[in-house]
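So the chains spell out like this:
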Amino acid sequence: MENKTVNSKFSGASQYILDDELASIVNVSMALEMPLLLKGEPGTGKTMLAHAIAESLKMPLIVLNVKSSMKLVDALYQYDTLTRLNDSRFGDSSRDVSKIEDYIKMGKIGQAFTSDIRTVLLIDEIDKADTDFQDDMLDVLDQMEFDIIEIDRTIKSKYRPVIVITSNAKKDLSDPFLGRCNFHHIAFPDPEMMRKIVMVHFPDIDSNLMETAMSTFFELRKIEAIEKKPATRELINWIRALKTDPDFNPKMMGKGDIPFLGILFKKSQDYKKAVNFSSHRNSN
Amino acid sequence: MFIDFFYQLKNVGIPVSPTSFLTLQKALNMGLINSIDEFYTSARAILIKSERYFDVYDQAFAHRFQGVELPEYGGLMLDEVTRALLEEWLEDPASLAAALDMEESDLINLTPEELIEYFKKRLNDQKGRHKGGRTWIGTGGTSPVGHSGYHPEGMRVGGVSRNKSAVKVAMERRYKDYSRRGPLTQDMMGEALKRLRNMIPVGPKDTVNIDETIYQTMKNGGEIEIVFSRRLKDRLKVILAIDNGGWSMDTYISVVQTLFDYARDQFKDLKTYFFHNTVYDFLWEDPSRINKPMRVEDFFSFDPQTRLIMVGDASMAPYELMAADGSIHVEERSGKPSIEQLKFLAQIFPHCVWMNPVSSQIWHHTPTISTIGQIFPMFELSLDGLEGAVNHLMTK
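Residues numbered from 1 in each chain as written. Chains lettered and ligands numbered in written order. Predicted model: local features only at pLDDT ≥ 70, side-chain atom pairs only at ≥ 80, totals over all residues. Heavy atoms only, no water.

1. Quick look at the overall build of chain B
Stage number 1. Helix and strand counts for chain B stand at 17 helices and 9 strands.
Stage number 2. Burial analysis of chain B (396 residues in total) assigns 49% to the buried set.
Stage number 3. Looking at chain B alone, contacts between residues at least 24 apart form 70% of all its contacts between residues at least 6 apart.
Stage number 4. As displayed, chain B has an accessible area near 19400 Å², and 52% of this comes from carbon and sulfur atoms. (Helix = DSSP H or I, 4+ residues; strand = E, 2+ residues; numbered from the N terminus. Buried < 20%, exposed > 50% of the residue type's maximum accessible area, 1.4 Å probe, protein only. Contact = heavy atoms within 4.5 Å. Areas by Shrake-Rupley, 256 points an atom, 1.4 Å probe, with all protein chains shown as cover.)

Rendered as structure tokens:
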């Protein structure tokens, strides 16, 4: 039942800037029917990529946000015992209490498997879950089927979803897990790439603003011992703030005070360091 | 066909598995890879599973494809490959079977010799079929297909156009920062230490376990049965003992500082002590090692489940470790040699490690390092070492 032919290729989407290296990795992974594992600093667009693939291939996107307490079965299906209990006591719904099927709800992986068209399945931040979850999940994704024990039925995938897995962790995932994925690490965009990303979000941006914002941003990223460096997301929000502030003059920024540092630095320690840096720069 | 490339990657220390190599062959067979640029990225995505190896991969790739003619594939590299193949066969027959396109049951029935024969045959098949492919690789790493022209369905890539060949890109070594040999940052340390956690249920049963309640209620035929359980709490106790004396540790101050900072944030029940070179009668709570001494014997009163992390270069003159009056500080010479005190600590805290900032490659130059290494499991204060140490500390 699997869709063996890859008749469409991925070529980037309207809100996402794709480098060709990543594009060919996405295409190869799709053709090999292997999950693609993406690592990289937060804010480098790991999650955005899945959205972009879905948009460009015109497939629905199903997002599984992994949580630390999550069990694999939560991602597959849910047996809604509470509703069944309620129905059995107060029996005023159209559901048939004696039919357990009526109380099985598909989880995100289950939805991707039972979908009538091919989907993009994004498994976001896999590193939050424990190793058992990861390995078990890969088993399911490998075999493209799972059992619902309550009703003794096997759910087989109609179409193999395009699977994108993201991880923030600096540490490695387990070997069996890695063995079954293709891997890519998204590096932090260089200034040229970043300019393009900003252009996508603010097509009419003033070139003065762009240049000062960019140079200040990359300067700020160089401050040492920052725990959470500002990333793409922060830059976009920061520029948005600068644009809406009527008092802001791009020429002023080169000379010292950097406005809205709180948008870029979210940890109080980092923020203090950035403010320090900003005022130090001012005195020079 | 690129069997020696595979071998070369293994040789430079990248863990590449035969299965992933066969996946790459499959990708080549499916015609997915049509230029050296694509080969560079696809092979990396398929073979290399951590950005820490990207730099090494780049180097190996540049070395391999920088205009060098491919040497004829001979039998001489095969030993290493077959060994890896057999290992994988034992560990994970299912995925190897899938990679070789055969049933798992058939695979298990093969003798090792037959398996190797089969593997060779497969490679030779591909070698035959890919004669054309070999030449483009051999022409010195320029792609005949041309940059960006390699998506016949009209795939258009927004973003950078890369006017360099894959070899040039590889030679830039863009991933140097991620190399395993890079310095240990607080971030990396945090990730490694995160697993040092010991969640255990404590206190009264005062939390409703909803899942269990529902399950038991259903089992009861709808009669409500509320199940309580205990809360999970991180009860891990950690003692960090740092060698902060002497010029020999000066070089490592920043990395130890990072470890210390992180540990202070991370562990609720952390005690830090200081010593100079090695442990004699006391450990100190204050870094200056004057005001708050703590007798080594008194550590007996601590929970034996406490994780003890010693940090030091373990480098000193042998007599400082062995002699009864080895301490360079007179007031500390109680008669017990330091080595006895260390053994005592290792005995009362079975979960202990010694983190050594000295590169493990030169440990054998210093006799006291191996002596102490026999008492405490010793790990290098690097990302790999830290992961090893955490694993060791968490084994029951």
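2. Here we look at the confidence of the model for chain A
Stage number 1. When pLDDT is averaged along chain A, the result is 81, and 89% of the positions lie at 70 or above.
Stage number 2. Every residue in residues 1-7 of chain A scores below 50 in pLDDT, and together they form 13 contacts with partners more than four places removed in sequence or on other chains. (pLDDT = per-residue confidence, 0-100.)

3. Things to note about the sheet that holds strand β8 (residues 162-167) of chain A
Residues and elements named next belong to chain A.
Stage number 1. Pairing within the open sheet is parallel, and its 5 strands lie in the order β2-β5-β8-β1-β9. Edge positions in the sheet fall to β2 (61-65) and β9 (182-186), since each has one partner strand and no second. Here the strands of the sheet are splayed against their neighbours by 20 degrees on average, with no regard to which way each runs. (Pairing = 2+ DSSP bridges. Axes fitted to C-alpha atoms, helices over the stretch in contact; angles between N-to-C directions.)

4. Some remarks on a nonpolar patch on the surface
All names here are of chain B.
Stage number 1. On the surface, V208, I210, I224, I226 and F228 cluster together into a nonpolar patch covering about 490 Å² of accessible area.
Stage number 2. Position of I210 among the secondary structure elements: in helix α12 (residues 210-219).
Stage number 3. Relative accessible area serves as the criterion here: at 54%, I210 is assigned to the exposed category. (Patch = residues over 30% accessible without salt bridge, like charges linked within 9 Å, V, L, I, M, F, W, Y side chains within 5 Å. Salt bridge = Lys/Arg side-chain N within 4 Å of Asp/Glu carboxyl O.)

5. Section: the packing of aromatic side chains
All names here are of chain B.
Stage number 1. Tallied over the full model, the rule gives 19 aromatic pairs over all chains.
Stage number 2. Each ring, one from F6 and one from F21, has its centre 4.6 Å from the other, and the planes form 40 degrees; the classification is tilted. Here F6 is found in helix α1 (residues 3-11), whereas its partner F21 is found in helix α2 (residues 18-29), with 15 residues between them in sequence. Both residues of the pair, F6 and F21, count as buried.
Stage number 3. With a centroid separation of 5.8 Å and 35 degrees between ring planes, the pair formed by Y40 and Y57 is classed as tilted. (Phe/Tyr/Trp six-rings, centres within 6.5 Å; stacked < 30°, edge-to-face > 60°.)

6. Focus on the nonpolar core
Stage number 1. Counting residues in hydrophobic clusters, the biggest one holds 65 residues, and the most contacted among them are I109(A), I123(A), M137(A), L141(A) and I165(A).
Stage number 2. For I165(A), the residues in contact, after removing those within four places along its chain, are P35(A), L36(A), L37(A), L38(A), I123(A), I126(A), M137(A), L138(A), F177(A) and C181(A).
Stage number 3. Listed in part, the 30 residues of the second largest apolar core include V279(B), L342(B), F349(B) and V358(B). (Core = buried A, V, L, I, M, F, W, Y, C linked by side-chain atoms within 4.5 Å.)

7. As for the environment of D136(A)
Residue and element names in this part refer to chain A.
Stage number 1. On the secondary structure map, D136 appears in helix α6 (residues 131-143).
Stage number 2. Residue classification places D136 among the partly exposed residues on the basis of a relative accessible area of 38%.
Stage number 3. For the pair D136 and V73, spaced 63 residues apart in sequence, the C-alpha separation works out to 9.8 Å.

8. Some details on the packing of α1(B) against helix α4 (residues 54-65) of chain B
All names here are of chain B.
Stage number 1. Contact geometry of α1 with α4 gives a least axis separation of 10 Å together with a crossing angle of 145 degrees. The way α1 lies across α4 gives a crossing that is right-handed. Where α1 abuts α4, its residues D4, F5, Q8 and L9 lie against Y57, A60, F61, H63, R64 and F65.
Stage number 2. Classifying every residue of the contact of α1 with α4 by side-chain character gives 6 nonpolar, 2 polar and 2 charged. (Left-handed = near helix turned anticlockwise from the far one by under 90°. Nonpolar A, V, L, I, M, F, W, Y, C, P; charged D, E, K, R; others polar.)

9. Here we look at the side chain of S29(A)
Residues and elements named next belong to chain A.
Stage number 1. Within the element layout of this structure, S29 appears in helix α1 (residues 20-32).
Stage number 2. Side-chain polar atoms of S29 contact the backbone oxygen of I25, separated by 2.9 Å.
Stage number 3. With residues up to four places along the chain from it excluded, the contact list for S29 reads M34, L36 and N182. (Polar contact = N/O pair within 3.5 Å; in protein donor to acceptor, adjacent residues only side chain to side chain.)

10. Some remarks on α12(B)
All names here are of chain B.
Stage number 1. Every buried residue belonging to α12 is among T213, I214 and T217, and all of these are buried. Projected onto a plane normal to the axis of α12, the buried residues spread over an arc of 95 degrees and lie on a single side. Turned more than 90 degrees off the buried face of α12, the exposed positions are D211 and K219.
Stage number 2. Just downstream of α12 lies G221, where phi reads positive at about 75 degrees. (Arc of directions from axis to C-beta.)

11. Some points on the pairing of strand β3 (residues 237-243) of chain B
Residues and elements named next belong to chain B.
Stage number 1. Extensive coverage of β3 is indicated by the burial of 6 of its 7 residues.
Stage number 2. Where β3 meets strand β7 (residues 307-311), 5 bridges bridge the pair, whose relative direction is parallel. Bridged to V238 within β7 is R307.

12. Quick look at the packing of helix α4 (residues 81-90) of chain A against α12(B)
Stage number 1. Direction vectors running N to C along α4(A) and α12(B) enclose 40 degrees, while the axes themselves pass 10 Å from each other. Judged by the inter-axis angle, α4(A) sits oblique to α12(B). Classified by chirality, the crossing of α12(B) by α4(A) is left-handed. Residues T81(A), L82(A), R84(A) and L85(A) of α4(A) lie in contact with α12(B), whose contacting residues are I214(B), T217(B) and M218(B).
Stage number 2. Its residues placed into classes, the contact of α4(A) with α12(B) shows 4 nonpolar, 2 polar and 1 charged. (Parallel < 35°, antiparallel > 145°, perpendicular 65-115°, else oblique.)

13. Describing the confidence of the model for chain B
Residues and elements named next belong to chain B.
Stage number 1. In the predicted model, chain B carries a mean pLDDT of 71, and 62% of its residues have values of at least 70.
Stage number 2. Within chain B, the lowest mean pLDDT, 33, falls on helix α9 (residues 131-138), and the highest, 89, falls on strand β8 (residues 352-356).
Stage number 3. Note that residues 67-78 has pLDDT below 50 and, in this model, 20 contacts with residues that lie over four places away or in other chains.
Stage number 4. Considering only residues more than four positions removed or in separate chains, one finds that residues 126-163, a stretch of pLDDT under 50, has 72 contacts.
Stage number 5. Overall fold confidence (pTM) sits at 0.58, and the ipTM for the predicted complex is 0.72.

14. Things to note about the pattern of salt bridges
One side chain can pair with another of opposite charge once the charged atoms of both are near each other.
Residues and elements named next belong to chain B.
Stage number 1. In the structure shown here, the tally under the stated rule is 16 salt bridges over all chains.
Stage number 2. Across the pair D303 and K237 runs a salt bridge whose closest N-O atoms are separated by 3.4 Å. Separated by 66 residues along the polypeptide, D303 in the loop between β6 (293-295) and β7 and K237 in strand β3 bring together distant segments of the chain.
Stage number 3. Residues R295 and E297 are paired through a salt bridge, measuring 3.3 Å at the closest nitrogen-oxygen approach.
Stage number 4. Accessibility expressed as a relative area gives 35% for R295, which makes it partly exposed.
Stage number 5. The class of E297 is partly exposed, set by a relative accessible area of 35%.

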